Amino acid sequence: MPAAAARATGPLLLAVGRLRGDGGPEAALFAHYNARLRPPLRLVEVAEAPAGTSPAERRRREGAALLAALPRNAFAVALDLGGEAPGSEGLAVLTARWIESGRPLAFLVGGAEGLDPAVLARADYVLSLGPFTWPHLLVRGLLAEQLYRAQAIRAGHPYHRGGRP
């Protein structure tokens, strides 16, 4: 896919779990920041593994579903506690590089048990949102906000207050 086409369709967010009902505050947070992104993330949800399966089997099944939904030539960014935490300015630089690569961009968010080693092995980059453990449904909104912030930094928009925590 040409770089322009990859940008026109927007990056993918492949996430384990489906928001139920009205989606609640997690869905509202994601929708709020995703609406600000140009282009917005295209959310693809994959089912959580059945309750009662072991954590390793849950990761395996959910990981297989994520990998099946991932375009073959995508630049895959896995969100994992063990990844790099580049900061907002660093993420702005990284996302610019990823977008300019011409490959479709996809972010992968695991379920409550995290990502399977096969997903981490396939990832082109492993990104951490910091040392805290976040609920997997909340990560969608946190990621969308940080991607919007990175976009604002690249555009010189005052949304990001550089030098302030």
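Please read all numbers here as calculations on a predicted model, not as lab measurements. (Residues numbered from 1 in each chain as written. Predicted model: local features only at pLDDT ≥ 70, side-chain atom pairs only at ≥ 80, totals over all residues. Heavy atoms only, no water.)

### Topic: the packing of helix H2 (residues 24-34) against helix H6 (residues 136-155)
At step 1: Put simply, H2 and H6 touch, their axes get as near as 8 Å, and they point 20 degrees apart. Looking at the two axes, H2 sits roughly parallel to H6. Judged by the sense of rotation from one axis to the other, the crossing of H2 with H6 is left-handed. Contacts from Glu26, Leu29, Phe30, Tyr33 and Asn34 of H2 reach H6 at Leu137, Leu138, Arg140, Gly141, Leu142, Ala144, Glu145 and Tyr148.
At step 2: Each residue belonging to the contact of H2 with H6 can be placed in one class, and the counts come to 8 nonpolar, 2 polar and 3 charged. (Axes fitted to C-alpha atoms, helices over the stretch in contact; angles between N-to-C directions. Helix = DSSP H or I, 4+ residues; strand = E, 2+ residues; numbered from the N terminus. Parallel < 35°, antiparallel > 145°, perpendicular 65-115°, else oblique. Left-handed = near helix turned anticlockwise from the far one by under 90°. Contact = heavy atoms within 4.5 Å. Nonpolar A, V, L, I, M, F, W, Y, C, P; charged D, E, K, R; others polar.)

### Quick word on the sheet that holds strand E5 (residues 125-127)
At step 1: The sheet built from 5 strands is open, its strands ordered E2-E1-E4-E3-E5 with parallel pairing. The open sheet has two edge strands, strand E2 (42-46) and E5, and neither has a second partner. The average angle at which neighbouring strand axes cross in this sheet is 30 degrees, direction not considered.
At step 2: Summarising the sheet, strand E3 (residues 75-84) and strand E4 (residues 105-109) pair through 5 bridges and their orientation is parallel. Residue pairing in the sheet places Leu79 in a bridge with Val109 of E4. (Pairing = 2+ DSSP bridges.)

### Thoughts on the layout of surface pockets
At step 1: Size it by volume and the largest pocket reaches roughly 390 Å³.
At step 2: Lining the largest pocket are 20 residues, with Leu79, Asp80, Leu81, Trp134 and Val139 sitting closest to its centre.
At step 3: Among the secondary structure elements, those contributing two or more residues to the lining of the largest pocket are E3 and H6.
At step 4: Per-element tally for the lining of the largest pocket: the top contributor is E3, with 3 residues.
At step 5: For the lining of the largest pocket, the per-class residue count stands at 11 nonpolar, 7 polar and 2 charged. (1 Å grid on protein atoms, 1.4 Å probe; cavity = no way out; pocket = protein on both sides within 12 Å on 5 of 7 lines; lining within 4 Å. Points joined across faces, edges and corners; volume = space filled by probe spheres on them.)

### A short note on helix H3 (residues 55-69)
At step 1: Taking 1.5 Å per residue as the helical rise, H3 with its 15 residues ought to reach 21 Å, and the 21 Å between its terminal C-alpha atoms agrees with that figure.
At step 2: Those residues of H3 hidden inside the fold are in contact with strand E1 (12-16), E2, E4 and helix H5 (117-122). (Expected span 1.5 Å × (residues − 1).)

### Some points on the pairing of E4
At step 1: A large share of E4 lies buried, amounting to 5 of its 5 residues.
At step 2: Neither face of E4 is left uncovered, since the one carrying Leu105, Phe107 and Val109 and the one carrying Ala106 and Leu108 both have all their residues buried.
At step 3: Note that E1 and E4 share 4 bridges and pair parallel. Across the sheet, the residue bridging to Leu13 is Phe107, located in E4.
At step 4: In this fold, E3 hands off to helix H4 (residues 87-100), which returns the chain to E4; that crossover is right-handed. (Buried < 20%, exposed > 50% of the residue type's maximum accessible area, 1.4 Å probe, protein only. Right-handed = clockwise from strand over helix to strand, strands pointing away.)

### Considering the packing of aromatic side chains
At step 1: Tallied over the full model, the rule gives 5 aromatic pairs.
At step 2: A centroid spacing of 5.9 Å and a plane angle of 65 degrees characterise the contact between Phe132 and Trp134, whose relative ring orientation is edge-to-face. (Phe/Tyr/Trp six-rings, centres within 6.5 Å; stacked < 30°, edge-to-face > 60°.)

### Observations concerning the pairing of E3
At step 1: The sheet contact formed by E3 and E5 spans 4 bridges and is parallel. Following the sheet pairing, Leu79 is matched in E5 by Leu127.

### Section: the nonpolar core
At step 1: Counting residues in each nonpolar core, the largest one holds 26 residues, and the members touching the most others are Leu41, Val77, Trp98 and Phe107.
At step 2: Listed by contribution, the elements that provide at least two residues to this core are E1, H2, E3, H4, E4, E5 and H6.
At step 3: Counting residues per element, this core draws most heavily on H6, at 7 residues.
At step 4: Beyond its immediate stretch of four places on either side in the chain, Val77 contacts Trp98, Leu105, Ala106, Phe107, Leu108, Tyr125 and Leu127.
At step 5: If you look at the next biggest cluster of nonpolar residues, it comprises 14 residues, including Leu70, Ala78, Ala106 and Val119. (Core = buried A, V, L, I, M, F, W, Y, C linked by side-chain atoms within 4.5 Å.)

The analysis is restricted to geometry; functional conclusions fall outside its scope.
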